[in-house]
Amino acid sequence: MISIAIDGPSGAGKSSLAKRLAAALGYVYVDTGAMYRAIGLYALRRGVPPADRPAVCALLPEIALRLAYEDGAQHLYLNGEDVSAAVRAEEVGMAASGVSAHPEVRDFLLEMQRRMARSQNVLMDGRDIGTVVLPDATLKIFLTAAPEARARRRLAELAAKGEAAEYDKVLADIRQRDEQDTHRAAAPLKKAADAVLVDTTDLDFDQSFETMKALILERAAKAAAGPQSAAGEGGGCSTV
Ligand code: DC
């Protein structure tokens, strides 16, 4: 099986790029952030503060998550309800960042994520895919961009949906999420030693897409040719 791990901070374009790449390459896209968001959403709905570890842990037995692929798109079901749209709200992203710091929440999702990569070619995005979930991934990409560039893109996305937002607030939220995601003790966001760094600060969407597609096709071809030709790839500090 081919597995592509894409990690990076929020707003780097992981999910839009991963979605498009998966469609172009015929892989299944697995959005692990959406799983954390579903748990964050459940906590918010139950009035549980995301940082309250015992209270969040007590909710886990009540949560059944299911990922389904309908018309080529990933749908996420939380206790039977399709929450794919509901989990995209800003406050749910922040709640997801909070609940994702608890090791019990991470364990709860880990096996589900690994199982998905065992049975199909996947392109999985998140924060710890290359470091924890799929340490033997065919290719690991660490996708990043300067916080200011990510804030500008987020603002444009919100504007396209008709939602008004202030640049300073969006930038502050991005910085707060970066801080939380990189400084937590459990599976913090960090580049795997053998990940390829792709910095999209000065790349547009199509340039980022083509850069990543070329990396994936090259590595997948090597993997298909046999373990020896793929060995030793991607080590150290490769940068695109
Ligand atoms: O990628 P996203 O913005 O949808 O993710 C929401 C939050 O979930 C993010 O702030 C950190 C957390 N997350 C995580 O800890 N590990 C993952 N593999 C994916 C997301």
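Residues numbered from 1 in each chain as written. Predicted model: local features only at pLDDT ≥ 70, side-chain atom pairs only at ≥ 80, totals over all residues. Heavy atoms only, no water.

Caption draft 1: Summary view of the site of the ligand. In the vicinity of the ligand there are 16 residues, among which Arg37, Arg106, Asp128, Arg177 and Arg184 approach most closely. Between the ligand and the protein, one listed contact pairs an oxygen atom with a side-chain N or O atom of Arg177 at 2.6 Å. When the ligand sits alone it has 450 Å² of accessible area, and the protein chains cover 95% of it. Elements with a contribution of two residues or more to the shell around the ligand: α2 (32-45), α4 (90-99) and α8 (167-183). Sort the elements by how many residues they give to the shell around the ligand and α2 lands first, with four residues. (Near = heavy atom within 4 Å. Polar contact = N/O pair within 3.5 Å; in protein donor to acceptor, adjacent residues only side chain to side chain. Areas by Shrake-Rupley, 256 points an atom, 1.4 Å probe, with all protein chains shown as cover. Helix = DSSP H or I, 4+ residues; strand = E, 2+ residues; numbered from the N terminus.)

Caption draft 2: Representation of the packing of aromatic side chains within the structure. In the structure shown here, the tally under the stated rule is zero aromatic pairs. Sitting above the plane of the Phe209 ring, Arg20 keeps its charged end 5.7 Å from the centroid. The residue whose ring lies beneath Arg66 is Tyr77, and the NZ or CZ to ring-centre distance is 4.6 Å. (Phe/Tyr/Trp six-rings, centres within 6.5 Å; stacked < 30°, edge-to-face > 60°. Lys NZ or Arg CZ within 6 Å of the ring centre and 35° of its normal.)

Caption draft 3: Representation of the sheet that holds strand β5 (residues 81-82) in the model. Spatially, three strands are ordered β3-β4-β5 in an open sheet, and the strand pairing comes out antiparallel. The sheet is open, and its two borders are formed by β3 (65-70) and β5, each paired with just one other strand. Strand direction decides the pairing type here: β3 and strand β4 (residues 73-78), joined by six bridges, are antiparallel. Its bridge partner lying in β4, Leu67 is registered against Leu76. Against the sheet, α2 contacts β3, β4 and β5, and its axis sits at roughly 30° relative to β4. (Pairing = 2+ DSSP bridges. Contact = heavy atoms within 4.5 Å. Axes fitted to C-alpha atoms, helices over the stretch in contact; angles between N-to-C directions.)

Caption draft 4: Here's a closer look at the sheet that holds strand β1 (residues 3-7). Ordered by their spatial adjacency, five strands build an open sheet running β2-β6-β1-β7-β8, and the pairing between neighbours is parallel. If you trace the sheet from one side to the other, it starts and ends with β2 (28-31) and β8 (196-199), each paired once. The sheet shows a mean angle of 20° between the axes of neighbouring strands, direction not considered. Two elements, strand β7 (residues 139-144) and β8, share four bridges in a ladder whose sense is parallel. Along β8, the bridge assignment pairs Phe142 with Leu197.

Caption draft 5: Structural detail: the pattern of salt bridges. This model, assessed by the stated rule, comprises 15 salt bridges. In this structure, Arg154 engages Glu90 in a salt bridge whose closest nitrogen and oxygen atoms are separated by 2.2 Å. One end of the pair, Arg154, is in helix α7 (residues 147-160); the other, Glu90, is in helix α4, with 64 residues separating them in the sequence. Residue class for Arg154 comes out buried when judged on its relative accessible area of 17%. By relative accessible area, Glu90 is classed as partly exposed at 37%. Between Arg118 and Glu111 there is a salt bridge whose closest N-O contact spans 2.6 Å. You can call Glu111 partly exposed: its relative accessible area is 37%. Connected through shared salt-bridge partners, Glu90, Arg154 and Glu157 make up one network. (Salt bridge = Lys/Arg side-chain N within 4 Å of Asp/Glu carboxyl O. Buried < 20%, exposed > 50% of the residue type's maximum accessible area, 1.4 Å probe, protein only.)

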